[in-house]
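Summary of structural features
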Amino acid sequence: MNLTSRLIEYLYFIILAFFVFFGYIVIPQYKIQAIILIAVSIFMFIIFKIKKIRFNASIVPWLLILVLSILSLSYSISVENSINYILILVGLLTSKIFLDNCDKKDNKIPTNILYIFSFVHVIATIIYLIFPEFIQTIDKNILTNKGYIYNVNLYRYGCYAGICSDHGANAIFISIFLAIAIEKIFNKSSIKNVLMVILGIIALFLTGKRGYLIACTIALIITFIYYNKDNRQLIKKFLLIVSLASILIVILNTIPATSFVFERFVELSDEGNVLNGREDTYKNLLQNINRNLFFGSGINTTTIINNGNDGHNIYLQIFSELGILGFLLLLYLILENLMLFFKTKNYAKTSSLFFQIFFIISGITGNPLYYIPTLVVYNVVTSKYYIEK
């Protein structure tokens, strides 16, 4: 790879990372972000002179979801919302095709860039715990007035949103950092790498997002087992990790700012409200599925039928919006990306498997399929560019 190509690739992933981690500050409108993503990806096609496009198996489900989403415009209960999401799909698909067709690649580039950009949110969250006035001053200058007020209210409630307006977005950014930080430990168990993972875990606890904590835990366990399936020392290593994690949890439970997570989980469990009020949302989605079993109500229309709120479950939401075919296509997409990963014989990145599991699990109570930063990262880590060396 010559120097010019390397610099261009760096620039491409820097742009992607900027939109993922800081796009909400400069360009909060997802529609505009999608258009820029399309333009940048087309520019990369021209720069790298990609004339013959290969449509890999992992691209097919994205194409089918896009076609089905376009068809849903004919009956969508909110054409504007549907068009906005279709633009995002086009942007993702354009980027995916480039990443799967680019022969000149160094997959350390996106790993390092995502790691650095996400680390900013980890540090901001931890600093918020120590110097809240300092971070709130920054927030007041970079967030909208509504976002700043929500951020401060979350802090008063015990949830740390860092330099984001919402602790959920902050938790996603920190989870991305953890995926790569854990990969670095798998490659080299240095004190620096261990420290980075500990910082990431503390920051994730500070957000107060139980769903993402659970998703990261499950992703870590599955990733660890997969990469040590032929290792006789698996049980010994696993017990060591569990012991260290238990000690860290005990420590976090003694810190008022992080013990909030444990207390909240216990309170909601005692109240029989582990779903935290999401059962009403799920009822709305199920009712809409019963009314529109085969076709749904149109892509990205859940906010219309659910009083302005997302579905907090990508599986029910896609079923509600695109019918049973949309639901099956989502499962096809997830399984195809996992199969691509497992078929990679010579090299496969830990962070790819970790984030794919995180995406699947967090989708049960969250909205990773409808949040462009999560989609962009999922798109990158499931690409042949990323998982093949």
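In the block above lies the structure referred to throughout.
Quick summary incoming for the structure in this document.

Criteria and cut-off values
In every chain, residue numbers begin from 1 and rise along the written sequence. Note on the predicted model: pLDDT of at least 70 is required for a residue's local features to be given, and 80 or more for side-chain atom pairs to be given and counted; whole-chain, interface and lining totals, by contrast, use all residues. Computation of side-chain values covers all heavy atoms of the structure but excludes hydrogens and water. Every helix listed is a DSSP run of H or I at least four residues long, and every strand listed is a run of E at least two residues long, numbered separately from the N terminus. Here's how the labels work: a residue is buried when its accessible area is under 20% of the maximum for its type, exposed when over 50%, partly exposed in between, all with a 1.4 Å probe on protein chains only. Throughout, a residue-residue contact means that at least one pair of heavy atoms, one from each residue, lies within 4.5 Å. For accessible areas, the Shrake-Rupley method is used with a probe of radius 1.4 Å. Any residue's cover is judged against the shown protein chains and nothing else. To define axes, lines are fitted to C-alpha atoms, for helices over the stretch in contact only, and angles between the resulting N-to-C directions are given on a 0 to 180 degree scale. The labels follow the angle: roughly parallel below 35 degrees, roughly antiparallel above 145, roughly perpendicular from 65 to 115, and oblique for the rest. It is the rotation of the near helix from the far one that decides the hand of a crossing: anticlockwise by less than a right angle makes it left-handed, clockwise makes it right-handed. Residues are grouped as follows: Ala, Val, Leu, Ile, Met, Phe, Trp, Tyr, Cys and Pro are nonpolar; Asp, Glu, Lys and Arg are charged; every other residue, Gly included, is polar. Patch definition: residues with relative accessible area over 30% and no salt bridge; like charges joined within 9 Å; nonpolar side chains (Val, Leu, Ile, Met, Phe, Trp, Tyr) joined within 5 Å. Should a side-chain nitrogen of Lys or Arg be within 4 Å of a carboxyl oxygen of Asp or Glu, the pair is scored as a salt bridge. Put simply, a nonpolar core is a bunch of buried Ala, Val, Leu, Ile, Met, Phe, Trp, Tyr and Cys residues held in one set by side-chain atoms that sit within 4.5 Å of each other. Paired rings are identified among Phe, Tyr and Trp, the last through its six-membered ring, by centres lying within 6.5 Å, and are further divided according to the angle between planes into stacked (under 30 degrees), edge-to-face (over 60) and tilted (the rest). Think of it as a cone above the ring: NZ of Lys or CZ of Arg counts as a charge over the ring if it is within 6 Å of the ring centre and within 35 degrees of the ring normal.

**Section: the overall build of the protein**
Across its full length, the protein carries 18 helices and zero strands. Each of the 389 residues in the protein was classed as buried or not, and the buried ones make up 53%. Considering only contacts in the protein between residues 6 or more positions apart, those separated by 24 or more positions represent 74%. Surface accessibility of the protein: about 18100 Å² in total, with carbon and sulfur atoms responsible for 66%.

**Notes on the packing of helix H3 (residues 59–71) against helix H4 (residues 79–101)**
It is at 10 Å that the axes of H3 and H4 come closest, and there the two elements cross at 160°. Here H4 runs roughly antiparallel to H3, going by the angle between their axes. Every pair of crossing elements has a handedness; the one defined by H3 and H4 is left-handed. Between H3 and H4, the contacting residues are Ile59, Trp62, Leu63, Ile65, Leu66, Ser69 and Ile70 on the first element and Ile86, Leu89, Val90, Leu92, Leu93, Lys96, Ile97 and Asp100 on the second. Split into classes, the residues belonging to the contact of H3 with H4 amount to 12 nonpolar, one polar and two charged.

**Comments concerning a nonpolar patch on the surface**
Among the surface-exposed residues, Leu293, Phe294, Phe295, Ile324, Leu325, Leu328, Leu331 and Leu335 lie close enough to one another that they form a single nonpolar patch of about 760 Å² accessible area. Turning to its location among the elements, Ile324 is positioned in helix H15 (residues 314–343).

**Regarding unusual backbone geometry**
Here the phi dihedral of Asn300 falls at roughly 65°; this positive angle occurs in a residue that is not glycine. Given the relative accessible area of 18%, Asn300 is considered buried. Backbone geometry at His312 places phi at a positive 55°, although glycine is not the residue there. Tracing the backbone shows His312 in the loop between helix H14 (302–305) and H15. Taking relative accessible area as the criterion, His312 reaches 26% and is therefore assigned partly exposed.

**Looking at the pattern of salt bridges**
Any two side chains of opposite charge can pair if their charged atoms end up close together. By the definition in use, this model includes one salt bridge. Residue Glu183 pairs with Lys349 through a salt bridge whose shortest N-O separation is 2.9 Å. Of the two residues, Glu183 is situated in helix H8 (residues 167–187) and Lys349 in the loop between H15 and helix H16 (350–362); the sequence distance between them amounts to 166 residues. Here the two residues Glu183 and Lys349 agree in accessibility, since each one is buried.

**Digging into the nonpolar core**
Phe13, Phe21, Phe98 and Leu369 are the most contacted members of the largest nonpolar core, which totals 98 residues. If you tally residues by element for this core, the top one is H8, at 12 residues. What Phe13 contacts, discounting residues up to four positions off in sequence, is Leu99, Ile109, Pro110, Ile113, Val380 and Tyr385.

**What to know about the side chain of Thr302**
Relative to the helices and strands, Thr302 is located in helix H14. Not counting residues within four places of it along the chain, the set of residues in contact with Thr302 comprises Leu285, Asn309, Asp310, Gly311, Gln317 and Glu321.

**What to know about the packing of aromatic side chains**
The tally for this structure, following the rule as stated, stands at 25 aromatic pairs. Arranged with centres 5.3 Å apart and planes meeting at 75°, the rings of Tyr12 and Phe13 form a pair that is edge-to-face. By the burial criterion, Tyr12 is buried, and Phe13 matches it. Aromatic pair Phe45 and Phe98: ring centres 5.9 Å apart, planes at 70°, arrangement edge-to-face. Of this pair, Phe45 sits in helix H2 (residues 30–47) while Phe98 sits in helix H4, placing them 53 residues apart in sequence. The rings of Phe18, Phe19, Phe21, Phe22, Tyr24, Phe117 and Phe173 are connected pair by pair, giving a single aromatic cluster. The ring of Tyr115 carries the charged tip of Lys184 above its face, separated from the ring centre by 4.8 Å. Over the aromatic face of Tyr386 sits the side chain of Lys349, whose NZ or CZ is 5.2 Å from the ring centroid.

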